[in-house]
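Results of the structural survey
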Amino acid sequence: MKVATHQLRCTECGARIAGNAVNSIFRCPICNGLYDVIYPWSAIPGEESSPSASNLPNASALRWLWQERRTSTMPVDQSGVWRFRDLLPIVDDANVVTLREGNTPLYDLPRAAKSIGLDWILAKHQGMNPTGSFKDTGMTAALSVAKERGFEWVACASTGNTSAAMAAYAARAGMRSIVFIPEGKIAWGKLSQSMDYGALTIQLKTDFDGCVNVLTDLVTRFPIMLLNSVNPYRLEGQKTPAFELVEQLEWQVPEHIIVPGGNLANGSALAKGFAEMHHLGLISRIPKVSIIQAQGANPLYLSLQENGGEELIPVKANTRATAIRIGNPASWRKALRALRTTGGWCEEVTEQEIALAKAQIGSEGIGCEPASAVTLAGLKKLVAQGKIGREERVVLVLTGHTLKDSNYTIDYHRGELFTPEEDAEISAADQALHSALRKPPLVLDPDPDTVFRMLESQMKLVHA
Ligand code: F0G
């Protein structure tokens, strides 16, 4: 790929810098704002100097090229991120580090749709990426930039998925990675991944927000590239599932996209992808992007309720959906911009609602980690509030694979997830749904007659 000139533009004060002039914390030295990656063809809100139509990449040529690359055997073409590299020209092809990320399935959820009263719900399963989460799409982009810029070390603070992805991509590139995770507060599957991929794994006796503080200090003292989502190159990769999604829908645009909110970068990455496609004439309108937070880690929701999003109200985060256990999210202003420019909403959901939604997604043979299930739980609320109509098309972004947090799933099915107080808060209707969904393993004697009788009673139950 011929690398076109890109720049970084501060999302707060609009200052522009060359990509390689950015400081180690990826923040504007004038106003501390975060950056967007922009290209010569980007539409800049409020700026006259947008390029003339003749300078824009051609929509039909792009569609054709992206389709053609599907049949190629080249790694950059087989990647579901770099197949779209014309819209993220940030590195030379030779520096691309890829595990063939992206290319994730779009499933329908007919039973969930029926139970909510919608015609259909789709799930874009980003947990089907190489390391089991959506982070791979962003990590291939930022890690490739780190490699091109000659970094030997990369680092991130993480609730588990970013670190798993970073460790894998760094290992592929022959680079060294350092992971900071909150001790005891991430799922074991994720911790095991960073060890398996050879990262230096440091558990700090704090939460995610405390890990971010330590790392932000360290990257100013060592030549380490910071790979948290304040790094805008991550979001260039994370915008590509928007391209892949509408391509899978034959360039039809759904009405709603629903994502979980943690550090609050992903919603804005997808919104950027949709805005760019709209600007280039690839799609005719932009879907509403809504962000759902766990009630125990709801700083954006709370801030919108309390002050209309003027100021962030950080919280001490606590949720069993450990991936989104974040109280002081770095990208909250970007998330707010995504909500405002697309017309989406922010909602919060309880622990019990998350567990029910996760079990429903699992029962459709798809499964996801707890943080991903907030999307279905949030959708139920938006439908109940009349914000989403029966015939509207909704896509849930499932961000992580069900195997990421198997302890949660086992505790749920054994009826050991909630405290008695939490159980008592569940409505009778939801209790009935939980009972139908819970499938604890049965322990029996190894005697055919005993097993026969048990199966007989189960089958009677099913046909009753
Ligand atoms: N879903 C999963 C499975 C996640 O791991 C994360 C974030 C999110 C949703 C939220 O995305 O931060 O862009 O709002 N995980 C990060 C990590 C924080 O360290 O793995 P976001």
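In case you missed it, the structure is sitting above this.
Here's a quick rundown of the structure. (Residues numbered from 1 in each chain as written. Predicted model: local features only at pLDDT ≥ 70, side-chain atom pairs only at ≥ 80, totals over all residues. Heavy atoms only, no water.)

Remarks on the site of the ligand
Filter applied, for reference: The near set for a molecule or strand comprises every residue that places at least one heavy atom within 4 Å of it. Here a polar contact is taken to be a pair of N or O atoms separated by no more than 3.5 Å, where protein atoms must pair a possible hydrogen donor with a possible acceptor and residues adjacent in sequence count only if both atoms sit in side chains. Note on areas: these come from Shrake-Rupley sampling with a 1.4 Å probe, and a residue is covered only by the protein chains present in the view. Note that Gly is not counted as nonpolar here; it falls among the polar residues with everything else outside the nonpolar set of Ala, Val, Leu, Ile, Met, Phe, Trp, Tyr, Cys and Pro and the charged set of Asp, Glu, Lys and Arg.
Taken together, 20 residues lie near the ligand, and Ser158, Thr162, Gly262, Asn263 and Thr399 sit nearest. In this structure, an oxygen atom belonging to the ligand sits 2.7 Å away from a main-chain N or O atom of Asn263. Between the ligand and the protein, one listed contact pairs an oxygen atom with a backbone N or O atom of Asn266 at 2.9 Å. Contact with the protein chains removes 98% of the 470 Å² of surface that the ligand exposes when unbound. Grouping the amino acids of the shell around the ligand by side-chain chemistry returns eight nonpolar, 10 polar and two charged.

Side note on the nonpolar core
A general feature of soluble globular proteins is that nonpolar side chains tend to end up buried together. Formally: Only buried residues count toward a nonpolar core. Its members are Ala, Val, Leu, Ile, Met, Phe, Trp, Tyr and Cys residues joined through side-chain atoms within 4.5 Å. Partly exposed residues are those whose accessible area sits between 20% and 50% of the maximum for their type, while under 20% is buried and over 50% is exposed, using a 1.4 Å probe and protein chains only. Residues count as neighbours in contact if any of their non-hydrogen atoms are within 4.5 Å of one another.
Trp82, Val154, Ile257, Phe274, Met277 and Leu282 are the most contacted members of the largest nonpolar core, which totals 90 residues. Excluding residues within four positions of it along the chain, Leu282 makes contact with Ala59, Leu62, Arg63, Trp66, Leu87, Trp251 and Met277. Counting 40 residues, the second-largest nonpolar core is a separate cluster that includes Leu118, Val349, Leu356 and Leu379.

Focus: the environment of Tyr412
Worth spelling out the cut-off: The numbering of helices and of strands both runs from the N terminus, where a helix is a DSSP run of H or I of at least 4 residues and a strand a run of E of at least 2.
On the secondary structure map, Tyr412 appears in helix α15 (residues 406–413). Residue class for Tyr412 comes out buried when judged on its relative accessible area of 2%. As for Tyr412 and Leu356, which are separated by 56 residues in sequence, their C-alpha atoms are 9.3 Å apart. Contact partners of Tyr412, with chain neighbours within four places excluded, come to Ala355, Ala359, Leu417, His434, Leu437 and Arg438.

Thoughts on empty space enclosed by the protein
The condition that has to hold: Put simply, the grid is 1 Å and covers the protein atoms alone, a cavity is a trapped set of points that fit a 1.4 Å probe, a pocket is an open set with protein on both sides within 12 Å along at least five of seven lines, and lining residues have an atom within 4 Å of a point. Grid points are joined across faces, edges and corners, and a volume is the space filled by probe spheres set on the points.
Inspection of the entire model under this criterion finds five cavities of 30 Å³ or more. Lining the largest cavity are 29 residues, with Phe134, Lys135, Gly262, Asn263 and Ala323 positioned closest to its centre. Going through the elements one at a time, α5 (161–173), α8 (232–238), β10 (256–260) and α10 (266–279) are the ones with two or more residues in the lining of the largest cavity. Within the lining of the largest cavity, the residues separate by chemical class into 12 nonpolar, 14 polar and three charged.

Considerations on the pairing of β10
We count it as follows: At least two bridges found by DSSP between two strands are what make those strands a pair. For the handedness criterion, the strands are oriented away from the viewer, and a crossover whose path from the first strand over the helix to the second runs clockwise is classed as right-handed.
Most of β10 sits inside the fold, with five of its five residues counted as buried. Residues His256, Ile258 and Pro260 line one face of β10 and the alternating positions Ile257 and Val259 line the opposite face, and both faces are buried. In terms of strand pairing, β10 meets strand β11 (residues 288–294) through five bridges, oriented parallel. Paired with Pro260 across the strands is Ile292, a residue of β11. With respect to chirality, the unit in which β10 leads through α10 into the neighbouring parallel β11 is right-handed. Bridging between β10 and strand β13 (residues 394–398) involves three bridges; their strand directions are parallel. Its bridge partner lying in β13, His256 is registered against Val394.

Concerning a nonpolar patch on the surface
What counts, and what does not: Patch criteria: residues need more than 30% relative accessible area and no salt bridge. Like-charged residues are merged within 9 Å; nonpolar side chains of Val, Leu, Ile, Met, Phe, Trp and Tyr are merged within 5 Å. The term salt bridge refers to a side-chain nitrogen of Lys or Arg lying within 4 Å of a carboxyl oxygen of Asp or Glu.
A cluster of nonpolar side chains, Leu442, Leu444, Val451, Leu455 and Met459, forms an exposed patch at the surface whose accessible area comes to about 430 Å². Looking at where Leu444 falls in the secondary structure, it is placed in the loop between α17 (428–437) and α18 (448–463). By relative accessible area, which is 37% here, Leu444 ends up partly exposed.

As for the packing of aromatic side chains
As a reminder of what qualifies: Centres within 6.5 Å make a pair out of two Phe, Tyr or Trp rings, where for Trp the six-membered ring is used; the pair is then stacked when the planes are under 30 degrees apart, edge-to-face when over 60, and tilted otherwise. Put simply, a charge is over a ring when the Lys NZ or the Arg CZ is close to the ring centre, within 6 Å, and near the line of the ring normal, within 35 degrees.
One pass over the full model with this rule turns up five aromatic pairs. An angle of 10 degrees between the planes, with centres 5.8 Å apart, marks the rings of Trp66 and Phe243 as stacked. Placement of Trp66 in helix α1 (residues 59–68) and of Phe243 in helix α9 (residues 240–248) is noted, with a sequence separation of 177 residues between them. Per residue, the accessibility class of Trp66 equals that of Phe243, and both read buried. Between Phe84 and Phe243 the ring centres are 5.5 Å apart and the planes differ by 65 degrees, which places this aromatic pair in the edge-to-face class. One end of the pair, Phe84, is in the loop between α2 (75–78) and β4 (106–108); the other, Phe243, is in helix α9, with 159 residues separating them in the sequence. There is no split in this pair, since Phe84 and Phe243 are both buried. Feature note: the residues Trp66, Phe84, Phe243 and Trp251 constitute an aromatic cluster, connected by ring pairs. One residue, Arg63, lies across the ring of Trp251, its end atom 4.9 Å from the ring centre. Positioned above the aromatic ring of Tyr412, the side-chain terminus of Arg438 is 4.7 Å from the ring centre.

Details of the sheet that holds strand β7 (residues 176–182)
Pairing between the strands of a sheet is mediated by backbone hydrogen bonds and can be parallel or antiparallel. Defined as follows: Fitted lines through C-alpha atoms give the axes, limited to the stretch in contact for helices. The angle between two N-to-C directions lies from 0 to 180 degrees.
Strand order in the open sheet made by the four strands is β8-β7-β6-β9, with parallel pairing throughout. Whereas interior strands pair on both sides, the edge strands pair on one side only; in this sheet they are β8 (200–204) and β9 (224–226). Between one strand axis and the next, the sheet turns by 25 degrees as a mean value, whatever way the strands run. Sitting on the sheet, helix α6 (residues 188–196) is in contact with β7 and β8, with an inclination near 145 degrees to β8.

Notes on the state of the cysteines
The condition is simple: For the purposes of this analysis, a disulfide is any pair of cysteine sulfur atoms at a distance within 2.5 Å.
For the structure on display, the rule yields zero disulfides. Distance from the sulfur of Cys211, which forms no disulfide, to the nearest cysteine sulfur (Cys156) is 9.7 Å. Unpaired in this structure, Cys346 has its nearest cysteine sulfur neighbour in Cys368, at a distance of 19 Å. Look at Cys346 and you get buried, because its relative accessible area is 10%.

Some points on the packing of helix α4 (residues 135–148) against α5
Two numbers describe a pair of packed helices, the interaxial angle and the distance between the axes. The criterion, for reference: Any angle that falls under 35 degrees is termed roughly parallel, while one over 145 is termed roughly antiparallel, one within 65 to 115 roughly perpendicular, and all others oblique. By definition, turning the near helix anticlockwise from the far helix through less than a right angle yields a left-handed crossing, and turning it clockwise yields a right-handed one.
One way to put it is that α4 packs onto α5 with a least axis distance of 9 Å and a crossing angle of 45 degrees. With respect to their mutual orientation, α4 and α5 come out oblique. Crossing of α4 against α5: the hand is right-handed. The residues of α5 that touch α4, namely those facing Lys135, Asp136, Met139, Thr140, Leu143 and Lys147, are Asn161, Thr162, Ala165, Met166, Tyr169, Ala170 and Ala173. Class assignment for the residues of the contact of α4 with α5 results in seven nonpolar, three polar and three charged.

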